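Breakdown of the fold
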Amino acid sequence: MAKILYVATHGSEDPSRAAMPFHLANGAVEAGIDAEIALAGDAAFLMKGYVVDSIIPVGMPALKELFSQAVQNQIPIYV
């Protein structure tokens, strides 16, 4: 089975780029592909609850929803 590692480097300064790895990883899991997320640089702050709650990307659900879905999908998140 294929496996994809999504690497995030953006934090709250760019909400859409911060949410994109979570959005893509959730989609990959739904398509039957193993996915993992690595948070580097500013993206490491996405592990803080108040940061996740404040990020509303353009054209995607709120990061709070995407993060929750990633946890439900048992997607490993590395910091």
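Our subject in this report is the structure included herewith. Quick caveat: nothing in here was measured; it's all calculated off a predicted structure.

As a further point, take the pattern of salt bridges. For the structure shown, the criterion picks out 2 salt bridges. Here E36 and K3 are joined by a salt bridge, their closest N and O atoms 3.6 Å apart. Of the two residues, E36 is situated in strand β2 (residues 34-39) and K3 in strand β1 (residues 3-8); the sequence distance between them amounts to 33 residues. A salt bridge links D14 to R17, with the shortest nitrogen-to-oxygen separation between them at 3.6 Å. In this structure D14 comes out as partly exposed when scored by relative accessible area, which is 24%.

What follows covers the sheet that holds strand β3 (residues 77-78). Taken together, the 3 strands give an open sheet; going across it, the order is β1-β2-β3, and neighbouring strands pair in parallel fashion. Pairing within the sheet leaves two strands with one partner each, and these edge strands are β1 and β3.

All right, on to unusual backbone geometry then. Although it is not a glycine, Q74 adopts a positive phi angle of roughly 55 degrees. Locating Q74 in the fold gives a position in the loop between α3 (63-72) and β3.

Tallied over the full model, the rule gives 1 aromatic pair. The interplanar angle of 40 degrees and the centroid separation of 5.5 Å between the aromatic rings of F22 and F67 together place this pair among those described as tilted. Of this pair, F22 sits in helix α1 (residues 15-30) while F67 sits in helix α3; the two residues are 45 residues apart in sequence, bridging distant segments of the chain.

A word on a nonpolar patch on the surface. There is a patch of nonpolar side chains on the surface, built from L5, V7 and Y78 and spanning about 290 Å² of accessible area. Relative to the helices and strands, V7 resides in strand β1.

Take V51: it is sitting in helix α2 (residues 49-54). In this structure, V51 is in contact with S12, F45 and L46, ignoring residues within four places of it in sequence.

This paragraph deals with α3. Restricting attention to buried positions, one finds in α3 the residues L63, L66, F67 and A70. Along α3, the residues classed as buried sweep out an arc of 100 degrees about the axis, all on the same side. Those residues of α3 that are exposed and angled more than 90 degrees off the buried face are K64, E65 and Q72. Buried-residue contacts for α3 involve α1, α2 and β3.

Conventions and cut-offs
- Residues numbered from 1 in each chain as written.
- Predicted model: local features only at pLDDT ≥ 70, side-chain atom pairs only at ≥ 80, totals over all residues.
- Heavy atoms only, no water.
- Salt bridge = Lys/Arg side-chain N within 4 Å of Asp/Glu carboxyl O.
- Helix = DSSP H or I, 4+ residues; strand = E, 2+ residues; numbered from the N terminus.
- Buried < 20%, exposed > 50% of the residue type's maximum accessible area, 1.4 Å probe, protein only.
- Pairing = 2+ DSSP bridges.
- Phe/Tyr/Trp six-rings, centres within 6.5 Å; stacked < 30°, edge-to-face > 60°.
- Patch = residues over 30% accessible without salt bridge, like charges linked within 9 Å, V, L, I, M, F, W, Y side chains within 5 Å.
- Areas by Shrake-Rupley, 256 points an atom, 1.4 Å probe, with all protein chains shown as cover.
- Contact = heavy atoms within 4.5 Å.
- Arc of directions from axis to C-beta.

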